[in-house]
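Analysis of the macromolecular model
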Amino acid sequence: MSDRISEKLTELAKRRGYFFQSSGAYGGVGGFYTFGPQGAALKGNVEDAWRDRFAIAEGHMEIDAPTIMPEPVFEASGHLETFDDMLVECPECEESHRADHIVEDETEYEDAESLPVPEVEEIIAEYELVCPTCGAGLAGAAIEDFNLMFATNIGPGDSQPGYLRPETAQGIFVEFPRLKEYARNTLPFGVTQIGRAYRNEISPRRSIIRTREFTQAELELFVDPETSEPDLTLVEDVSVRLYPATEQQADDGSEVETTIGDAVADGTIADPWIAYFLGIAQEWYASVGVDTDRFRFRQHLAGERSHYASDCWDAESEIDGNWIEIAGFAHRGDYDLSKHQEYSEERFTVFQQYDEPKTVERAVVDPDMSYLGPEFGGDAQAVVEELETLAGRDRAAFEGETVDVEFGDETHEIPVEKTGFAVEEQTEAGEHVVPHVIEPSFGVDRLVYTILHHAYREDEVAGEERTYLDLEPEVAPTFVGVFPLQSDDDLEDEAEGIAAALRAEGLSVTYDDSGNIGRRYRRQDEVGTPFCVTVDYESLEDGGVTVRERDTTDQKRLPIDDLPETLSALRAGEVAFEDLDEE
Ligand SMILES: Nc1ncnc2c1ncn2[C@@H]1O[C@H](COP(=O)(O)OP(=O)(O)OP(=O)(O)O)[C@@H](O)[C@H]1O
C-alpha cells in the first residue's frame, strides 16, 4: 500500500478539504497550496501545539514580524549573496530543474547541494544524465546559481528594494536590540515565531512538501557561550533514533537507537543545547501524531552544514520509502547577531556580569573630543563611543600613528594623541557579549503532510473497504460528528442541541444530516474525526445516544447529559473509550 499513499492522500486531501493547489480557476500555479477547512484547522491545531510546547512551556516569547523586509537585512544575513540553488535548464524543452536533485536522484551522490558547480556539471556529463521532463541529455548545459528570494519594491518606484523573507528567523534577529530589553538583558532567552516564509523554488514538487510559500515555526535561543547550559536531566531518558555523520560515511553505517543521555555521554551529540531540543522535539512530534518508527534525526555532514553552523541535525520523516527533512536544529554561533551588528547601527550584545569584578588593561579615550573638528558635527560623544568599542575590541588598531574610526558612512583617520589614547588598569563588572544562537526550525506544512501520511489507514468494516485517518485528538480538525439518524424534526432538534452543548464545551463539532448514516460515518472517518454521536428515536425516550469510536468502530450507548464531560475527558486523554460504562 505504501507507495500509493501519497497519491491517495492528494486525492483525499482535495475531496475532503485538507489542501489543494491554489488559483485552480486560472490553471493553478506551481508551489502554492490552499488549506481547505479541514487542513486549516489541522494546521492551526499543530501550530497551537507547537506554541504550547516550544514557547509557553519553555517560557519563551513569541513575536509576529512582517514578511517583507528591506534589502540591507538580507545583505547582512548573507541571503542576497548565497541563498542560491543550482538551476539547470533543459536545452530541448526549456524546463528548469535543480541540478543537485537530478544528481542525487540518479547517482550515488547523496549530498550534491554541497558540491561546487563545476563538479556537478562534470557528474551530469559523466553519468549522461537527462532531463526528467523530456529525456533530452543535459551534458554541457550550464548550471546557474539561482537566488531563491522573491524580490519586490517597497513603495512606488524602485528606490527601496525589498524581499519576501525566505525564513522567519531574520525577523527575530533584526529586532534583537529591542527583544533583549524585554528579556531584561538576561541570557539565555528564547524568541519564537510562527509565520510564512517564501522561496522561489526552482521546481516545487511532491505536494505541500516543497512549495514556494510555506509556514515555519522557529525558535531562536540566545545563549551566553560561556555560561548558559540546558537542563539535560529533563530529556536524558528520551529514546531517539539517530543517524550521525560518522554512520552515514561508514560503508555499512546505520541508524543508532539510543537515549539522549547516552548520546551525550558517548559524544554522538556533541552540543548539549541541540541534545536538549532533539529530546523535546522527539516527544512533541510523537504527541501530534508522527509515527516514531518512521522518524529519525540525521546529522549534517561537514560539507552540508552552513559555514557558520558548528553542528546541525535534521528531523526526518519517512514518506513512501523516502526520508524528508521536516525540521532543522542548528547551533549558529554568533554569526547572525555579529552580521547585523556589523551592517547596522545597533548593538547586538548583552552585558554579562562577571561573578566577581576583574581588573583588566583597557585602551581609554579622552571623553572631551570637541577639538576633533567640525566634521563630527558636534556629535563627539558618538565618536567616543565608536572609539571605545574599538579600544575594547582591538588593541592592535592603536599601534599606528592614526586610528581609523568609522563614523556615519565615512572612515576618519584620527591621530592617536588626539584620541587621548592611553592604557589604564580598570575594574570591570562584566562584558558585552554577542550571544550565540541555537535554532530549532520547524516546517509546519511538511509536518502536516507527515501527520496525514502517517495517519492514513485502510481496513474493512462489515465487508466494505474503509479509509480513515488515525489522527491524534489534539490535532484532529473535528473532534466529534453529531448526526440525527434520519430526517426528522425532533431528531434534528435534539442533535442540534447536543452539537451546541458540545461546542459550548470548547469541542470542535461537525453537524451532518445528509445521506445515510453509513456514508456520514465514512465521511468523518476520512476526515479523521475521533468520535461520532448519533441521535435516534430511542434517544428521545431514554436520553441516551450512540457514540462510535473511529479506529475500532466500537459503539456505546451513553447518556446525553454526560456527553460534554465525557467527550472532554476523552479529548484530554483522561479516559479511554473502552473503559467507559454504558448506560
Ligand atoms: N520549499 C519549502 N516548502 C515547504 N517547507 C519548507 C520549504 N523549505 C524549507 N521548508 C521547511 O522549513 C524548515 C527549515 O528550513 P531550512 O532552511 O532548514 O530548509 P532547507 O534545508 O533549505 O530545506 P530543503 O533542503 O528541503 O530545501 C525545513 O525543515 C522544512 O520543514
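Overview of the structure. (Residues numbered from 1 in each chain as written. Predicted model: local features only at pLDDT ≥ 70, side-chain atom pairs only at ≥ 80, totals over all residues. Heavy atoms only, no water.)

Here we look at the overall build of the protein
For the record, the criterion: The secondary structure listing takes helices from DSSP runs of H or I that are at least 4 residues long and strands from runs of E that are at least 2 residues long, numbered from the N terminus. Three exposure classes are used, based on accessible area relative to the maximum for each residue type with a 1.4 Å probe and protein chains only: buried under 20%, partly exposed in between, and exposed over 50%. Throughout, a contact is declared for two residues whenever any of their heavy atoms are within 4.5 Å.
Along the protein, the regular secondary structure elements total 19 helices and 28 strands. Per-residue burial for the protein yields a buried fraction of 49% across its 583 residues. Residue pairs in contact within the protein that sit at least 24 positions apart in sequence constitute 65% of those at least 6 positions apart.

Remarks on the packing of aromatic side chains
This is how the line gets drawn: Ring geometry is summarised as follows: Phe, Tyr and Trp rings, the Trp one being its six-membered ring, pair when their centres sit within 6.5 Å, and such pairs are stacked at plane angles under 30 degrees, edge-to-face over 60 and tilted between the two. Throughout this description, the term charge over a ring refers to an Arg CZ or Lys NZ atom that lies within 6 Å of the ring centre and within 35 degrees of the ring normal.
Overall, the coordinates contain 27 aromatic pairs when judged by the stated rule. When the ring of Phe 19 is compared with that of Tyr 33, the centres are 6.1 Å apart and the planes differ by 80 degrees; the resulting orientation is edge-to-face. Here Phe 19 is found in strand 1 (residues 19–21), whereas its partner Tyr 33 is found in strand 2 (residues 33–35), with 14 residues between them in sequence. With a centroid separation of 5.8 Å and an interplanar angle of 70 degrees, the aromatic rings of Trp 50 and Phe 442 are classed as edge-to-face. With Trp 50 in helix 2 (residues 37–56) and Phe 442 in strand 21 (residues 436–443), this residue pair connects regions lying 392 residues apart in the sequence. For the pair Trp 50 and Phe 442, one class covers both residues: buried. Through a chain of ring-to-ring contacts, three or more aromatic side chains come together here, namely Trp 50, Phe 54, Trp 284, Tyr 285, Phe 295, Phe 297, Phe 329 and Phe 442. The ring of Tyr 354 carries the charged tip of Lys 358 above its face, separated from the ring centre by 4.2 Å.

Focus on the environment of Gly 17
Along the chain, the position of Gly 17 falls in the loop between helix 1 (5–15) and strand 1. Excluding residues that lie within four positions of it along the chain, Gly 17 makes contacts with Leu 12, Gly 36, Pro 37, Gln 38 and Gly 39.

Re the site of the ligand
Rule in force here: Nearness is defined per residue: one heavy atom within 4 Å of the molecule or strand is enough. N or O atoms closer than or at 3.5 Å make up a polar contact, with two conditions inside protein: a donor-capable atom paired with an acceptor-capable one, and, for residues adjacent in sequence, both atoms drawn from side chains. In this description, accessible areas are obtained by the Shrake-Rupley approach with a 1.4 Å probe, and a residue is regarded as covered only by the protein chains that are shown. Gly is put with the polar residues, along with every residue not named as nonpolar or charged; the nonpolar set is Ala, Val, Leu, Ile, Met, Phe, Trp, Tyr, Cys and Pro, and the charged set is Asp, Glu, Lys and Arg.
Neighbouring residues of the ligand: 13 residues in total, closest Arg 199, Glu 201, Arg 210, Thr 211 and Glu 325. Between Thr 211 and the ligand, the recorded distance is 2.8 Å, taken from a backbone N or O atom to a nitrogen atom. Contact with the protein chains covers 82% of the free accessible surface of the ligand, which is 590 Å². Broken down by element, the shell around the ligand gets its largest block of residues, three residues, from strand 16 (residues 322–333). In terms of residue class, the shell around the ligand is made up of four nonpolar, four polar and five charged.

What to know about the pairing of strand 15 (residues 311–319)
Just so we agree on the cut-off: Pairing between two strands is assigned when DSSP locates at least 2 bridges connecting them.
Within strand 15, nine of the nine residues are buried, which leaves the element mostly enclosed by the surrounding structure. Going residue by residue along strand 15, you find Asp 311, Trp 313, Ala 315, Ser 317 and Ile 319 tucked away on one face and Cys 312, Asp 314, Glu 316 and Glu 318 tucked away on the opposite face as well. Pairing of strand 14 (residues 295–299) with strand 15, which is carried by five bridges, proceeds in the antiparallel orientation. Paired with Gln 299 across the strands is Trp 313, a residue of strand 15. Taking the residues between adjacent antiparallel strands as the criterion, strand 15 and strand 16 are bridged by two residues, where Asp 320 takes a positive phi near 50 degrees.

A short note on the environment of Val 434
Structurally, Val 434 can be placed in the loop between strand 20 (422–433) and strand 21. Setting aside residues up to four positions removed in sequence, Val 434 forms contacts with Asp 334, Leu 337, Ser 338, Gln 341, Phe 348 and Thr 349.

Section: a negative patch on the surface
Selection rule: Like-charged residues within 9 Å of one another, or nonpolar side chains (Val, Leu, Ile, Met, Phe, Trp, Tyr) within 5 Å, are grouped into patches, provided each residue has over 30% relative accessible area and no salt bridge. Should a side-chain nitrogen of Lys or Arg be within 4 Å of a carboxyl oxygen of Asp or Glu, the pair is scored as a salt bridge. By the counting scheme adopted, Arg and Lys are positive, Glu and Asp are negative, and His together with the chain ends is not counted. Every charge is mapped onto a representative atom, which is NZ of Lys, CZ of Arg, CG of Asp or CD of Glu.
Among the surface-exposed residues, Asp 489, Asp 490, Asp 493, Glu 496 and Asp 513 lie close enough to one another that they form a single negatively charged patch. Looking at the element boundaries, Glu 496 is found in helix 16 (residues 489–504). Using a relative accessible area of 44% as the deciding quantity, one classes Glu 496 as partly exposed.

Describing helix 5 (residues 99–106)
Residues Ala 99, Asp 100, His 101, Ile 102 and Val 103 constitute the buried set of helix 5. Next to the buried residues of helix 5 lie strand 5 (84–89), strand 6 (96–98), helix 6 (117–126) and strand 7 (143–147).

Comments concerning the pattern of salt bridges
Note on pairing: side chains with opposite charge can pair once their charged atoms come close. Evaluated as defined, the whole model comprises 33 salt bridges. Arg 53 is the salt-bridge partner of Glu 58, the closest N and O atoms lying 2.9 Å from each other. A relative accessible area of 25% places Arg 53 in the partly exposed class. We note a salt bridge from Glu 439 to Arg 332, for which the minimum N-O separation is 3.3 Å. Taken as a pair, Glu 439 in strand 21 and Arg 332 in strand 16 lie far apart in primary sequence, 107 residues in all. Assigned by exposure class, Glu 439 and Arg 332 land together as buried. Through salt bridges that share partners, Arg 241, Glu 255, Glu 257, Arg 296, Arg 298, Glu 304, Asp 314 and Glu 316 make up one connected network.

Topic: the packing of helix 2 against helix 11 (residues 272–287)
Selection rule: Interaxial angles span 0 to 180 degrees and are taken between N-to-C directions of axes, which are lines fitted to C-alpha atoms, for helices over the stretch in contact. Helix crossings fall into two classes, left-handed where the near helix is turned counterclockwise from the far one by less than a right angle and right-handed where it is turned clockwise.
Relative to each other, helix 2 and helix 11 sit at 145 degrees, their axes nearing to 11 Å. Our pair here, helix 2 against helix 11, has a crossing hand that is right-handed. Touching Val 46, Ala 49, Trp 50, Arg 53 and Phe 54 of helix 2 are Ile 280, Ala 281 and Trp 284, all from helix 11. For the contact of helix 2 with helix 11, the residue count by class is seven nonpolar, no polar and one charged.

Regarding the packing of helix 1 against helix 15 (residues 444–455)
For any two helices packed against each other, the geometry comes down to the angle between their axes and how far apart the axes lie. Going by this rule: What sets the label is the angle itself: under 35 degrees gives roughly parallel, over 145 gives roughly antiparallel, 65 to 115 gives roughly perpendicular, and the rest give oblique.
Viewed as axis vectors pointing N to C, helix 1 and helix 15 meet at an angle of 110 degrees, and their least axial separation amounts to 10 Å. Judged by the inter-axis angle, helix 1 sits roughly perpendicular to helix 15. In this structure, helix 1 contributes Ile 5, Ser 6 and Leu 9 to the contact, and helix 15 contributes Tyr 449, Leu 452 and His 453. Here the residues of the contact of helix 1 with helix 15 are counted per class, giving four nonpolar, two polar and no charged.

Side note on unusual backbone geometry
Here the amide bond leading from Leu 187 into Pro 188 is cis, since omega sits at -5 degrees, within 30 degrees of zero. In the Ramachandran plot, Ser 23 falls in the positive-phi region, its phi being about 55 degrees despite a non-glycine side chain. Along the chain, the position of Ser 23 falls in the loop between strand 1 and strand 2. Among the residues examined, Ser 23 registers a relative accessible area of 44% and is labelled partly exposed. The backbone of Asn 185 sits at a positive phi, close to 55 degrees, despite the residue not being glycine. By the secondary structure assignment, Asn 185 is in the loop between helix 8 (176–182) and strand 10 (189–198). A relative accessible area of 31% places Asn 185 in the partly exposed class.

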